[in-house]
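Here is what each chain is made of, one letter per residue.
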Amino acid sequence: MPASSTLTEQLATLGVHLPGWPKEPEGDEPDNWIERGQAYAEGVRLWRAQLRNAPESTKGVVDQLISHLHDTGQLGVWDQLVYGAIKPEVQGSPDFERWQACTKLIRSSALTPAQLLGITLEVAREQRLAAATYGLKRLLKEHPGINAQQRLQLCSELVATANTSRLMADAKTSAVDWNRAVELHEQMAGLLATAVAGEIPSKSSEGAQPTEGMPLLIELDAINNCLGSKGVHGHAVFIQICREKLPALLQSWTGERPWIVEVGCSREIIEGQNSTVQLLTLAKELELPFAGIDLDQANIEALKRDYKDCDDTWITGKGEEVLRTWDKPIAACYMDAYDFWHASHSGLRQQVYKESYGSEIDDAQCHSMHLEAACYCSDLIPSGGLLGLDDTWMENDIWEGKGALALPWLLDQGWQLLSAANRGTVLLKTGSRQ
Ligand SMILES: C[S@@+](CC[C@H](N)C(=O)[O-])C[C@H]1O[C@@H](n2cnc3c(N)ncnc32)[C@H](O)[C@@H]1O
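Conventions we followed
- Residues numbered from 1 in each chain as written.
- Predicted model: local features only at pLDDT ≥ 70, side-chain atom pairs only at ≥ 80, totals over all residues.
- Domains from an automatic or database assignment.
- Contact = placed C-beta atoms within 7 Å.
- Helix = DSSP H or I, 4+ residues; strand = E, 2+ residues; numbered from the N terminus.
- Nonpolar A, V, L, I, M, F, W, Y, C, P; charged D, E, K, R; others polar.
- Expected span 1.5 Å × (residues − 1).
- Buried ≥ 20, exposed ≤ 12 C-beta atoms within 10 Å, placed from the backbone.
- Arc of directions from axis to C-beta.
- Near = placed C-beta within 6 Å.
- Pairing = 2+ DSSP bridges.
- Axes fitted to C-alpha atoms, helices over the stretch in contact; angles between N-to-C directions.

Observations regarding the domain arrangement of the protein
When the domains of the protein are assigned, the result is domain 1 (7-24 + 32-228) and domain 2 (234-428). On a C-alpha basis, the centres of domain 1 and domain 2 stand 30 Å from each other. On the domain 2 side, the residues contacting the 15 residues of domain 1 number 16 residues. If you list the elements that add at least two residues to the side of domain 1 that touches domain 2, you get α5 (95-105), α7 (129-142) and α11 (214-228). Per element, the largest residue contribution to the side of domain 1 that touches domain 2 is six residues, and it comes from α5. Residues belonging to the side of domain 1 that touches domain 2 are distributed by class as follows: seven nonpolar, five polar and three charged.

Here you go:
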């Protein structure tokens with residue numbers, strides 16, 4: 001079988017016949033990528049339906065081939081996404097695997113616009129609205145040539161596909177806050193209204209202006225803010241304390257502007273897990289430079305692309321190694337890096353650790369990584385500066401989680417614990433040394 005054959009063709013040679021994917025145009029062929037995106041989304045549903053009802057032997061063949069292609073680096077991002085999206089129904093794999101794969105790979109630059117739209121509609125249908133709005137935002141931002149009618153088409157596809165009536169049904173049983181459900185529907189209607197308003201004046205205009213989609217991006221951010229308010233995460237308290245404490249430090253500061261640093265950046269588009277964008281906003285507000293450090297190159301590449309208009313620093317590497325040679329002052333550092341072990345880490349997450357540390361997630365490594373990074377940070381942060389350690393909590397008078405070793409060490413060095421809310425800790429550097 002030629003190495004260049006598609007997954008569909010390879011499966012066909014093994015007797016498994018699944019619908020082919022739309023053909024991507026070559027060169028400057030005229031292109032209707034929105035229609036193709038709808039076909040990709042429909043294809044995901046067809047693959048799921050066909051394979052779910054297939055005999056176990058067929059499912060086994062599919063799994064073996066896909067695992068082989070994956071392990072040998074021959075499985076494209078789109079095929080990874082499709083299999084990730086349908087695997088729970090086809091192979092009975094846990095649902096968290098699906099969402100960790102889909103909400104990470106939707107950030108890949110290897111997807112064509114049509115594939116990005118296809119997965120955007122699939123996650124919208126499954127009510128993963130943070131990931132769906134992210135996908136739409138990417139399409140609007142990365143393809144400024146699209147016209148107002150296409151923007152309206154994209155927005156209406158998203159709103160029609162997002163199964164938000166389920167939110168209302170849940171609210172009726174009071175499992176979900178009514179206010180949130182209503183607000184979200186208002187935001188969705190606002191998105192459509194903005195897209196409709198954008199279409200009217202541009203009907204007669206020649207070509208699209210790069211800033212024409214801006215109001216829609218603002219609407220999508222509002223939808224995301226509404227989704228992000230669902231749960232409280234460690235970074236929210238850290239950022240709130242930064243807003244309260246850092247102005248005093250900066251007022252008396254005379255040297256080069258100190259940095260806001262994040263070690264372990266947002267890797268999946270999951271509601272509430274959005275520390276990176278919030279820290280970027282904080283840095284902008286305080287007019288401080290920002291650096292994001294992450295082990296995972298794919299993560300850093302996606303962040304670089306998503307925030308390319310901002311003048312931030314993105315570093316691929318182990319936080320503990322990068323901070324060892326870091327020589328700039330840090331006003332505040334947020335650490336949420338090497339994961340602590342729990343039973344819901346996907347293969348995709350584990351793969352990053354196997355590649356960088358040679359083994360799967362291991363608590364001892366998690367603890368020592370955060371301790372080492374905290375030791376270097378402690379020298380780089382002046383008194384009045386802050387350190388946040390997420391996923392750290394006290395159990396029977398013992399610190400557990402990422403800060404299991406770092407927290408006691410910092411307290412021993414005279415750092416003051418300001419908060420331990422939401423399983424995140426915030427510490428203030430005390431003393432007279434700047
Ligand atoms: C829990 S996620 C961070 C989530 C993010 N803070 C948020 O709330 O959106 C952990 C991240 O840390 C990264 N990571 C793991 N070990 C690391 C290390 N030693 N140095 C830097 N980043 C690391 C992982 O690749 C992953 O992207």
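From this point, the discussion proceeds with the structure in view.
Focus: helix α13 (residues 275-286)
The end-to-end C-alpha separation of α13 is 16 Å, in line with the 16 Å expected for 12 residues at 1.5 Å each. All of the buried residues along α13 are Ser275, Thr276, Leu279, Leu282 and Ala283. Summarising the axial view, the buried residues of α13 lie within an arc of 120 degrees, below the 170-degree limit, and thus occupy one face. Residues of α13 that are exposed and angled more than 90 degrees away from the buried face: Thr281 and Glu285. On its buried side, α13 packs onto α12 (234-251), β1 (259-263), β2 (290-294), α14 (297-306) and β4 (330-335). Looking at the residues trailing α13, positive phi occurs at Glu287, about 55 degrees.

Section: the site of the ligand
Taken together, 24 residues surround the ligand, and among them Gly264, Ser266, Arg267, Ser275 and Gly319 come closest. Residue assignment for the shell around the ligand shows that the elements contributing at least two residues are α13, β2 and α15 (319-325).

Overview of the sheet that holds strand β3 (residues 313-316)
Pairing within the open sheet is mixed, and its seven strands lie in the order β3-β2-β1-β4-β5-β9-β8. Each edge of the sheet is formed by a strand with only one pairing partner; in this case those strands are β3 and β8 (416-419). Looking at each pair of strands side by side, their axes are set apart by 20 degrees on average, direction ignored. Sheet strands in contact with α13 are β1, β2 and β4, and its direction is about 175 degrees off that of β1. Lying on the sheet, helix α17 (residues 363-380) is in contact with β1, β4 and β5 (386-389); it crosses β4 at an angle near 170 degrees.

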